[in-house]
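A structural walkthrough
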Amino acid sequence: MFVDFDGTITDVDTFDALVRDAVGDEIWDSIDAELAAGYLTLREVLMLQASHITKSEAEAIAFLEATATVDPAFAPFVGAARRRGVEVCVVSSGIGPIIRTTLERAGVDVPVLANDVDFAADGWTMTFIDESANGHDKAAAVREARAAGRLTVFVGDGISDFTAAHEAQRCFAKAGRALESYCRARNIPFTPFTSFAEIESALFGCE
Ligand SMILES: [Mg+2]
């Protein structure tokens, strides 16, 4: 199972929250409009947005603890998956160290494939996990697992999840977000969800 982090495991997009806090809603909206219109790739947008954030790693984590909530059903879900031999991996275009700390504090220990950052005081510099236009080709991880004969499930909510939704044999899309509209418009079979409790009962039934 490949699971997006921001907006999927958390209620809000943590990277967006950091950027909005640094530059204000107006600049955030103008950068986001360039992405939506296709003038900038997600990779370019992430790089540009990161350059505006000046918090230290500790400050960023403290800010996110006050801003974002991890789905309380995620830790029990990971436990239920593990008992059934299902491997859960987080795939994100966000910042690996921040995601790992956030998950650790929520009592979750799963592998995290994500980008990295240099937390410089004059603006962060992103280091991307691959060369893709999204700054992280989540579909590649799904393809690799399928090629190894695995049954793949993808769980996500946003633009960076579109390509992976095409590759996975089963897809869960957060209700009311971009991935749900995308799957609906392209007839990609998916199950909408609001909490990992629903995914747990959809996949594993009652304990
Ligand atoms: Mg997301």
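Everything below is about the structure printed above this text.
Okay, so let's go over this structure. If you're wondering where the values come from, they're calculated on a predicted model, not measured in any experiment.

A look at the side chain of Thr10
Relative to the helices and strands, Thr10 resides in the loop between β1 (2-3) and α1 (14-23). The exposure class assigned to Thr10 is buried, which follows from its relative accessible area of 1%. Among residues more than four places away in sequence, those in contact with Thr10 are Phe5, Thr69, Val70 and Lys174.

Concerning the pairing of strand β5 (residues 153-156)
Side chains of β5 alternate between two faces, with Val153 and Val155 and Phe154 and Gly156 buried alike. The pairing of β1 with β5 spans two bridges and is parallel. Directly across from Phe2, in β5, lies its bridge partner Phe154.

Considering a negative patch on the surface
A cluster of acidic residues, Glu57, Asp116, Asp118 and Asp122, forms a negative patch on the protein surface. Take Glu57: it is sitting in helix α4 (residues 57-67).

Topic: helix α9 (residues 178-185)
Since the α-helix packs 3.6 residues into each turn, any two residues three or four apart lie on the same face. Regarding α9, the residues found buried are Leu179, Glu180, Tyr182 and Cys183. Buried residues of α9 fall within an arc of 165 degrees about the axis and therefore sit on the same side. In α9, the exposed positions that point more than 90 degrees away from the buried face belong to Arg184 and Ala185. In this fold, the buried residues of α9 make contact with β5, α8 (162-167), β6 (170-174) and β7 (191-193). Directly beyond the C-terminal end of α9, a positive phi value near 55 degrees is found at Asn187.

As for the packing of aromatic side chains
Enumeration according to the criterion identifies seven aromatic pairs in this entry. Consider the rings of Phe77 and Phe196, whose centres lie 5.2 Å apart with planes at 50 degrees: the pair is tilted. Of the two residues, Phe77 is situated in helix α5 (residues 74-83) and Phe196 in helix α10 (residues 196-204); the sequence distance between them amounts to 119 residues. The burial state of Phe77 is the same as that of Phe196; both residues are buried. An angle of 10 degrees between the planes, with centres 3.9 Å apart, marks the rings of Phe162 and Tyr182 as stacked. With Phe162 in helix α8 and Tyr182 in helix α9, this residue pair connects regions lying 20 residues apart in the sequence. Taken together, the ring pairs in this structure connect Phe74, Phe77, Phe193, Phe196 and Phe204 into an aromatic cluster. The ring of Trp28 has Arg20 lying over it, and the distance from NZ or CZ to the ring centre is 3.9 Å. The ring centre of Phe63 lies 4.8 Å from the NZ or CZ of Lys55, which sits over that ring.

Parameters and conventions
- Residues numbered from 1 in each chain as written.
- Predicted model: local features only at pLDDT ≥ 70, side-chain atom pairs only at ≥ 80, totals over all residues.
- Heavy atoms only, no water.
- Helix = DSSP H or I, 4+ residues; strand = E, 2+ residues; numbered from the N terminus.
- Buried < 20%, exposed > 50% of the residue type's maximum accessible area, 1.4 Å probe, protein only.
- Contact = heavy atoms within 4.5 Å.
- Pairing = 2+ DSSP bridges.
- Patch = residues over 30% accessible without salt bridge, like charges linked within 9 Å, V, L, I, M, F, W, Y side chains within 5 Å.
- Areas by Shrake-Rupley, 256 points an atom, 1.4 Å probe, with all protein chains shown as cover.
- Salt bridge = Lys/Arg side-chain N within 4 Å of Asp/Glu carboxyl O.
- Lys, Arg positive; Asp, Glu negative; His and termini not counted.
- Charge placed at Lys NZ, Arg CZ, Asp CG, Glu CD.
- Arc of directions from axis to C-beta.
- Phe/Tyr/Trp six-rings, centres within 6.5 Å; stacked < 30°, edge-to-face > 60°.
- Lys NZ or Arg CZ within 6 Å of the ring centre and 35° of its normal.

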